[in-house]
Amino acid sequence: MSIVSPHAESVPTEVDPSRRWQTSIRRAIRCPHTLLRMLGLEGEVDLSTQEDFPVFVPREFLQRMRPGDRNDPLLLQVLPKREEDRAKSGFTADPLQEKATDAPGLIRKYRHRALLILKGACAVHCRYCFRREFPYADNQLGGGRWATAVDAVAADPQIEEVILSGGDPLMVADGTLAAVTQAISRVPHVRALRVHTRLPIVIPHRIESATVGWLSGCRLTSTVVIHANHARELDDQVAQAVQDLREGGIHVLNQSVLLKGVNDTTEALSALSWRLLEIGVVPYYLHQLDRVRGAAHFEVPLAAGLALVSQLRDELPGYAVPRYVVEEPGQPAKTVLL
Ligand SMILES: *Cc1c(COP(=O)(O)O)cnc(C)c1O
Ligand code: SF4
């Protein structure tokens, strides 16, 4: 039997202000030198001289990095190394040719699924991101403009799923997200709601009871797709956030990007899958890197990727092997490689 203090229930429940997720965003590291200094690596890495996609790393994520390790797989995802400045042919500003189509903030590449871009900003800047050069300012739906995008969804009976994406949609306050979700759930032909977010990984306490509330409080089937690339990202706080979502009846899936130096071994990918299963997350996609300018040093050749995933098939339960996919402009869905 556990010993519970008789005063436990009278402890005030007000939120510690330093624990609010907005505070974590404000306190995020935005300078590469600070990032290196906090890990005892100052002066040990040649940095990019570009400033158009600055460092952005929440302290909650930094805490999971190993001090003194310049090859730490979490650090490599966020550190703007000098290699970014080297041009490589085939790596371009907009590899997916993704432009808003039906309405501002609505990306419609697939007939039955529509992507709603609520917010251009993210809670972390991943160096390999294909959206690093996306013209978000023109496309995000701040200040109630999301209603026009929901009207476009209502006008097209083919749309069965709405995916809140970004940037990161959980950068938007829960009150707004609840209103958006309610509006979507009033469109009779929409059956499913999906949220693509990296926030439960980088700032796990972003998942508050209000978040679970709007996700589970409407008639839509709700799925949250998180994004982790390495098992060490999945600490106990992340496990708690996932548990909170699952207790609300929300499906939780993970997508990863195959990244040189981060997860391009069977050991790393297998450890990632096992840790995901342990905390209740289904490995969904492993993406071949999109060929965006500045990310060439992360590329794992296709043949090596195929060899890795077929080895995973030998080693893991079938449901633990993510689908290895690549996005090709103009295709009606992602291309499954293996
Ligand atoms: C990946 C993606 C989706 C979702 O595709 P699923 O295969 O259903 O996960 C939808 N719209 C766009 C533009 C996408 O890139
Ligand atoms: S969180 Fe996602 S969209 Fe944002 S920078 Fe990282 S990979 Fe890109």
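In what follows, the accompanying structure is described.

1. What to know about the overall build of the protein chain
A count of helices and strands for the protein chain gives twelve helices and nine strands. For 338 residues, the compact-globule formula gives about 20 Å, and the C-alpha radius of gyration of the protein chain, at 20 Å, lands near that figure. Buried residues in the protein chain amount to 54% of all 338 residues. Here the analysis covers contacts within the protein chain between residues at least 6 apart in sequence; of these, 80% occur between residues at least 24 apart. Of the roughly 15700 Å² that the protein chain leaves accessible, carbon and sulfur atoms contribute 51%. Side chains of the protein chain carry 39 positive and 40 negative charges; the gap between the two charge centres is 3 Å.

2. Focus on the pattern of salt bridges
If you walk through the whole model with that rule in mind, you get 15 salt bridges. Where Asp 85 meets Arg 82, a salt bridge forms, and the shortest distance between an N and an O atom there is 3.6 Å. Accessibility expressed as a relative area gives 25% for Asp 85, which makes it partly exposed. A salt bridge links Glu 327 to Lys 334, with the shortest nitrogen-to-oxygen separation between them at 3.3 Å. Judged by its relative accessible area of 14%, Glu 327 falls in the buried class. On the basis of relative accessibility, which here comes to 23%, the residue Lys 334 falls in the partly exposed class. What you see here is one network of salt bridges that share partners, running through Lys 109, Glu 327 and Lys 334.

3. So, the site of ligand 2
Around ligand 2, the structure places Cys 122, Val 124, Cys 126, Cys 129, Arg 198 and His 227. Each residue belonging to the shell around ligand 2 can be placed in one class, and the counts come to four nonpolar, one polar and one charged.

4. Overview of the pairing of strand E4 (residues 192-196)
Counting buried positions along E4 gives five out of five residues, so the element sits mostly inside the fold. On E4, burial covers both faces: Ala 192, Arg 194 and His 196 on one face and Leu 193 and Val 195 on the other are all buried. Bridge count for strand E3 (residues 161-166) against E4 is four bridges, and the pairing is parallel. Its bridge partner being in E4, Ile 163 is matched across the sheet by Arg 194.

5. Observations concerning helix H6 (residues 146-154)
Along an α-helix, residues three or four apart share an orientation, since each turn contains 3.6 residues. Among all positions in H6, only Trp 146, Ala 149, Val 150, Ala 152 and Val 153 are buried. Each buried residue of H6 sits inside an arc of 155 degrees when the element is viewed along its axis, so together they form one side. Buried residues along H6 sit against strand E1 (106-110), strand E2 (113-119), E3 and helix H7 (174-185).

6. Re the site of ligand 1
Residues in contact with ligand 1 amount to eleven residues; listed here are only the nearest, Arg 113, Arg 194, Tyr 284, Tyr 285 and Lys 334. Arg 194 places a side-chain nitrogen or oxygen 2.7 Å from an oxygen atom of ligand 1. Between an oxygen atom of ligand 1 and a side-chain N or O atom of Glu 327, the distance comes to 2.8 Å. For ligand 1, the protein covers 92% of the area, taking 390 Å² as the surface of the free molecule. Classifying every residue of the shell around ligand 1 gives five nonpolar, no polar and six charged.

7. Let's talk about the pairing of strand E8 (residues 323-326)
When strand E7 (residues 282-287) meets E8, the two strands line up parallel, connected through three bridges. In the strand pairing of E8, His 287 is matched with Val 325. For the crossover that starts at E7, traverses helix H12 (residues 302-315) and ends in the parallel E8, the hand is right-handed. With two bridges joining them, E8 and strand E9 (residues 335-336) adopt antiparallel strand pairing. Bridge assignment links Val 325 to a residue of E9, and that residue is Val 336.

The rules behind each value
- Residues numbered from 1 in each chain as written.
- Chains lettered and ligands numbered in written order.
- Predicted model: local features only at pLDDT ≥ 70, side-chain atom pairs only at ≥ 80, totals over all residues.
- Heavy atoms only, no water.
- Helix = DSSP H or I, 4+ residues; strand = E, 2+ residues; numbered from the N terminus.
- Rg over C-alpha atoms; globule rule 2.2 N^0.38 Å.
- Buried < 20%, exposed > 50% of the residue type's maximum accessible area, 1.4 Å probe, protein only.
- Contact = heavy atoms within 4.5 Å.
- Areas by Shrake-Rupley, 256 points an atom, 1.4 Å probe, with all protein chains shown as cover.
- Lys, Arg positive; Asp, Glu negative; His and termini not counted.
- Charge placed at Lys NZ, Arg CZ, Asp CG, Glu CD.
- Salt bridge = Lys/Arg side-chain N within 4 Å of Asp/Glu carboxyl O.
- Near = heavy atom within 4 Å.
- Nonpolar A, V, L, I, M, F, W, Y, C, P; charged D, E, K, R; others polar.
- Pairing = 2+ DSSP bridges.
- Arc of directions from axis to C-beta.
- Polar contact = N/O pair within 3.5 Å; in protein donor to acceptor, adjacent residues only side chain to side chain.
- Right-handed = clockwise from strand over helix to strand, strands pointing away.

Take it as geometry only, folks, not as evidence of what the structure does.
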